[in-house]
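Spelled out from the first residue to the last, the chains are:
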Amino acid sequence: MAVIHDTVLKPGKLELLTSWLPSRPWYQGGAGAPQLGKAGGFRLDDPQGEVGIEFMVVTDTSGARPVRYLVPLTYRGAPLDGADHALVGTMEHGVLGRRWAYDGCHDPVLVAQLLALIEGRAQAQDQNASDTPDREVTRSRTGEGPLPTGTSAAGTATVTDDRDGTELAIAPGTVLRVQRVLRPAPDGRPVPPEGALGHVAGAWHAPDGSRARGLFAVLTSG
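For clarity, every value in this text was computed on a predicted model and none was experimentally measured.

Conventions used here
Residues numbered from 1 in each chain as written. Predicted model: local features only at pLDDT ≥ 70, side-chain atom pairs only at ≥ 80, totals over all residues. Heavy atoms only, no water. Helix = DSSP H or I, 4+ residues; strand = E, 2+ residues; numbered from the N terminus. Rg over C-alpha atoms; globule rule 2.2 N^0.38 Å. Expected span 1.5 Å × (residues − 1). Buried < 20%, exposed > 50% of the residue type's maximum accessible area, 1.4 Å probe, protein only. Polar contact = N/O pair within 3.5 Å; in protein donor to acceptor, adjacent residues only side chain to side chain. Arc of directions from axis to C-beta. Phe/Tyr/Trp six-rings, centres within 6.5 Å; stacked < 30°, edge-to-face > 60°.

1. Structural notes on the overall build of the chain
And then number 1: For the chain, the helix and strand inventory stands at two helices and twelve strands.
And then number 2: Along the chain, from the amino end to the carboxyl end, the secondary structure elements read β-α-β-β-β-β-β-α-β-β-β-β-β-β.
And then number 3: Radius of gyration (C-alpha) of the chain: 16 Å, near the 17 Å computed for a compact globule of 222 residues.
And then number 4: When the backbone C-alpha atoms are referred to their principal axes, the chain occupies close to 45 × 40 × 30 Å.

2. Some words on helix H2 (residues 108-119)
And then number 1: When the terminal C-alpha atoms of H2 are compared, their 16 Å separation across twelve residues agrees well with the 16 Å that a helix rising 1.5 Å per residue should span.
And then number 2: When you tally the buried positions in H2, you get ten out of twelve residues, the bulk of the element.
And then number 3: Burial in H2 covers these residues: Pro 108, Leu 110, Val 111, Gln 113, Leu 114, Leu 115, Ala 116, Leu 117, Ile 118 and Glu 119.
And then number 4: At the N-terminal end of H2, a side-chain oxygen is found 3.0 Å from the backbone nitrogen of Val 109, two or three residues along, and the residue is Asp 107.
And then number 5: One or two steps after H2, the chain reaches Gly 120, where phi turns positive at roughly 95°.

3. Considering helix H1 (residues 13-20)
And then number 1: Within H1 the residues assigned to the buried category are Lys 13, Leu 16, Leu 17 and Trp 20. One side of H1 holds all its buried residues, which, seen down the axis, span an arc of 95°. Along H1, the residues that are exposed and aim more than 90 degrees away from the buried face are Glu 15 and Ser 19.

4. Side note on the packing of aromatic side chains
And then number 1: Counted by the stated rule, this structure contains six aromatic pairs.
And then number 2: With a centroid separation of 5.7 Å and 50° between ring planes, the pair formed by Trp 26 and Tyr 69 is classed as tilted. Here Trp 26, found in the loop between H1 and strand S2 (36-44), pairs with Tyr 69, found in strand S4 (residues 67-76); they are 43 residues apart in sequence, far enough to count as distant. Across the pair, exposure class does not vary: Trp 26 and Tyr 69 are buried alike.
And then number 3: For the ring pair Phe 42 and Phe 216, a centre distance of 6.1 Å and an interplane angle of 5° mean the geometry is stacked. Residue Phe 42 is located in strand S2, and its partner Phe 216 is located in strand S12 (residues 211-221); the two are separated by 174 residues in the primary sequence.
And then number 4: Relative accessible area serves as the criterion here: at 3%, Phe 216 is assigned to the buried category.
And then number 5: Of the aromatic side chains, those joined through ring pairs into one cluster are Trp 20, Trp 26, Tyr 27 and Tyr 69.

Okay, structure coming up:
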């Protein structure tokens, strides 16, 4: 299990995201800089113990209405080859030293573990505590056997951003969609679209202090 260190990051994660988010096609904030607050998220473990994997939910209050974003991030002890375009920034970690933070949709380790979560081979972990499963994260999978995937240690899927999400063509005819702009599910019960091969759903803090739930990722064919 990944160890969560009680230490200082310079700059902090929200500082990095304040600079990076406005460059994204799915950013829907105001004309000024994002006004970000942490609203939730979870972690996944890298089986090799080398890469930190976090799915962070942040709330931006810079626009006319609050917007919640899902930001999958990976943290590495060295640059990821061929991923300069996906670099969010670098940080100094009080225990681990310099860390390179990447948009996780471009990192094959995160993509592989997200698929493992959908399959039921990985367990979502608490965002802030070591060795603690996050039971609010739910998943489903139709069918049996390993999911088809074109990802590998040498490269990840074809990644395409749009106005509210990111699509990863992980294999011919198989698409993993990560929902970047989060929307609460009616009655707090996220339901994947008809025909979905699998999904991941999670929770975050709503502006009124309650817990909202919604879809984080959906796997489809076609």
